[in-house]
Amino acid sequence: MCTAHSSSGLARQTLLLTSRPLGAVTQLLVSPAGQRLALIGPGGVTVVELPARWGKHGLYEGGKPRLTCTQT
């Protein structure tokens, strides 16, 4: 789940994965450009492509509450 600021305080956006990560997730890393998210755990690393951020407050997909993300 990702939280981003909006004019009314905080807007919560849920990022849904197309498939499960490789085991339990113990660490999250975001790429410097903010386009990918690494889910790291004892089972390995899953890389998630994050949706585009746009709109007045830079929310994912313009502020949709639920978004589907693909893994690479």
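Before going into details, it helps to say that this report is about the structure given with it. This structure is a prediction, so every number in the text was calculated from the model and none was measured.

**Description of the overall build of the protein**
- What the protein contains, in helices and strands, is zero helices and eight strands.
- In the protein, the succession of α and β elements from N to C terminus is β-β-β-β-β-β-β-β.
- The buried share of the protein, taken over its 72 residues, is 29%.
- Once local pairs closer than 6 in sequence are excluded, the contacts in the protein between residues at least 24 apart make up 34%.
- Total accessible area on the protein stands at roughly 4900 Å², and carbon and sulfur atoms take up 56% of it.

**Some remarks on the packing of aromatic side chains**
- Inspection of every chain in the model, using the stated rule, returns zero aromatic pairs.
- In this arrangement the basic side chain of Arg 53 is found over the ring face of Tyr 60, its NZ or CZ atom lying 4.8 Å from the centre.

**As for unusual backbone geometry**
- In this structure, Glu 61 is a non-glycine residue whose phi angle is positive, near 50°.
- Tracing the chain through its elements places Glu 61 in the loop between β7 (59-60) and β8 (66-71).
- Classification of Glu 61 as partly exposed rests on a relative accessible area of 26%.

**Looking at the side chain of Gln 71**
- Mapped onto the fold, Gln 71 is located in strand β8.
- A distance of 3.0 Å separates the side chain of Gln 71 from the side chain of Thr 18, its partner in a polar contact.
- In this structure the side chain of Gln 71 is engaged in a polar contact, spanning 2.3 Å, whose partner is the backbone oxygen of Ser 19.
- Non-local contacts of Gln 71, meaning those with residues more than four positions away in its chain, are made with Leu 17, Thr 18, Ser 19, Arg 20, Thr 46, Val 47 and Val 48.

The rules behind the values
Residues numbered from 1 in each chain as written. Predicted model: local features only at pLDDT ≥ 70, side-chain atom pairs only at ≥ 80, totals over all residues. Heavy atoms only, no water. Helix = DSSP H or I, 4+ residues; strand = E, 2+ residues; numbered from the N terminus. Buried < 20%, exposed > 50% of the residue type's maximum accessible area, 1.4 Å probe, protein only. Contact = heavy atoms within 4.5 Å. Areas by Shrake-Rupley, 256 points an atom, 1.4 Å probe, with all protein chains shown as cover. Phe/Tyr/Trp six-rings, centres within 6.5 Å; stacked < 30°, edge-to-face > 60°. Lys NZ or Arg CZ within 6 Å of the ring centre and 35° of its normal. Polar contact = N/O pair within 3.5 Å; in protein donor to acceptor, adjacent residues only side chain to side chain.

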